[in-house]
Amino acid sequence: MKIETRVVHAGDRKRTSAVASVPATTPIHTASSYFYSDIEQLDRVFAKEASGQCYSRYGNPTSDALEELLASLESGAGALACSSGMAAVHMAVNTALIDRRRVVLAANALYGATINMLTRVFEPMGIETVFVDFCDEAAVREAIAEHRPGAMLMETISNPLLR
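Scope of this entry: the structure provided in the associated data block. None of these values were measured; they are calculated from a predicted model. (Residues numbered from 1 in each chain as written. Predicted model: local features only at pLDDT ≥ 70, side-chain atom pairs only at ≥ 80, totals over all residues. Heavy atoms only, no water.)

**Quick word on the side chain of Asn-60**
Here Asn-60 lies in the loop between helix H2 (39–46) and helix H3 (61–73). Here the side chain of Asn-60 touches Thr-62 through a polar contact of 2.8 Å, landing on its backbone nitrogen. Apart from the residues within four sequence positions on either side, Asn-60 is in contact with His-29, Tyr-34 and Gln-53. (Helix = DSSP H or I, 4+ residues; strand = E, 2+ residues; numbered from the N terminus. Polar contact = N/O pair within 3.5 Å; in protein donor to acceptor, adjacent residues only side chain to side chain. Contact = heavy atoms within 4.5 Å.)

Put into structure tokens, the structure is as follows:
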């Protein structure tokens, strides 16, 4: 399937009922919880023994569609939509360092909350952060050689400096 087709259709317009209709666009589901005819079925869904929705923190049809689309576009095994950018950065750094050196090479121009997370959350957990000017390619190369980071973190356009 061509990427243009995947962009338009992957994860999109799931049939949500027995009625033979499909929405023209991906519906936005705002429910935080879901009803089932019996508690046993809900328990099976919570335990991931049965498919379905149970609580939006664990997923909903809208985020499922986004995850399916992103996985398709990236030819990946899966994707995870997070509720905020900070949650996504936290998840990415934790995941990247599971089996790697616990060193992050980070841009010295980052969103303030990201810097706080690196220094106040990750450093007490034993994750070292080294800041470098990512606009200086030689400095980045040198820092990689010296620190051998398990992950690198930068913003493609930094917030708030727009670097």
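**A closer look at the pattern of salt bridges**
Going through the model one piece at a time under the given rule, you end up with two salt bridges. When the shortest N-O distance is used, the salt bridge between Asp-133 and Arg-163 registers 3.2 Å. Of this pair, Asp-133 sits in the loop between strand S2 (128–132) and helix H6 (137–147) while Arg-163 sits in the segment after strand S3 (151–153), placing them 30 residues apart in sequence. On the accessibility criterion, Asp-133 (25% relative accessible area) is partly exposed. One salt bridge connects Arg-141 with Glu-137, and the closest N-O pair in it is separated by 2.6 Å. Here the residue Arg-141 and the residue Glu-137 both occupy positions in helix H6, the gap between them amounting to four residues, near one helical turn. Classification of Arg-141 as exposed rests on a relative accessible area of 54%. (Salt bridge = Lys/Arg side-chain N within 4 Å of Asp/Glu carboxyl O. Buried < 20%, exposed > 50% of the residue type's maximum accessible area, 1.4 Å probe, protein only.)

**Here we look at the packing of aromatic side chains**
If you walk through the whole model with that rule in mind, you get two aromatic pairs. Taking 6.0 Å as the distance between ring centres and 80° as the angle between the ring planes, the aromatic pair formed by Phe-46 and Tyr-58 counts as edge-to-face. Of this pair, Phe-46 sits in helix H2 while Tyr-58 sits in the loop between H2 and H3; the two residues are twelve residues apart in sequence, bridging distant segments of the chain. Of the aromatic side chains, those joined through ring pairs into one cluster are Phe-46, Tyr-55 and Tyr-58. (Phe/Tyr/Trp six-rings, centres within 6.5 Å; stacked < 30°, edge-to-face > 60°.)

**Concerning the layout of surface pockets**
Computed from the structure, the largest pocket encloses a volume of approximately 330 Å³. What lines the largest pocket is a set of 14 residues, among which Ser-56, Arg-57, Ala-81, Cys-82 and Ser-83 lie closest to the centre. The set of elements that each furnish at least two residues to the lining of the largest pocket consists of H3 and helix H4 (85–96). Ranked by residue count, the leading element in the lining of the largest pocket is H3, at three residues. Residue composition of the lining of the largest pocket, by class: six nonpolar, five polar and three charged. (1 Å grid on protein atoms, 1.4 Å probe; cavity = no way out; pocket = protein on both sides within 12 Å on 5 of 7 lines; lining within 4 Å. Points joined across faces, edges and corners; volume = space filled by probe spheres on them. Nonpolar A, V, L, I, M, F, W, Y, C, P; charged D, E, K, R; others polar.)

Any link to function would need more than the numbers given here.
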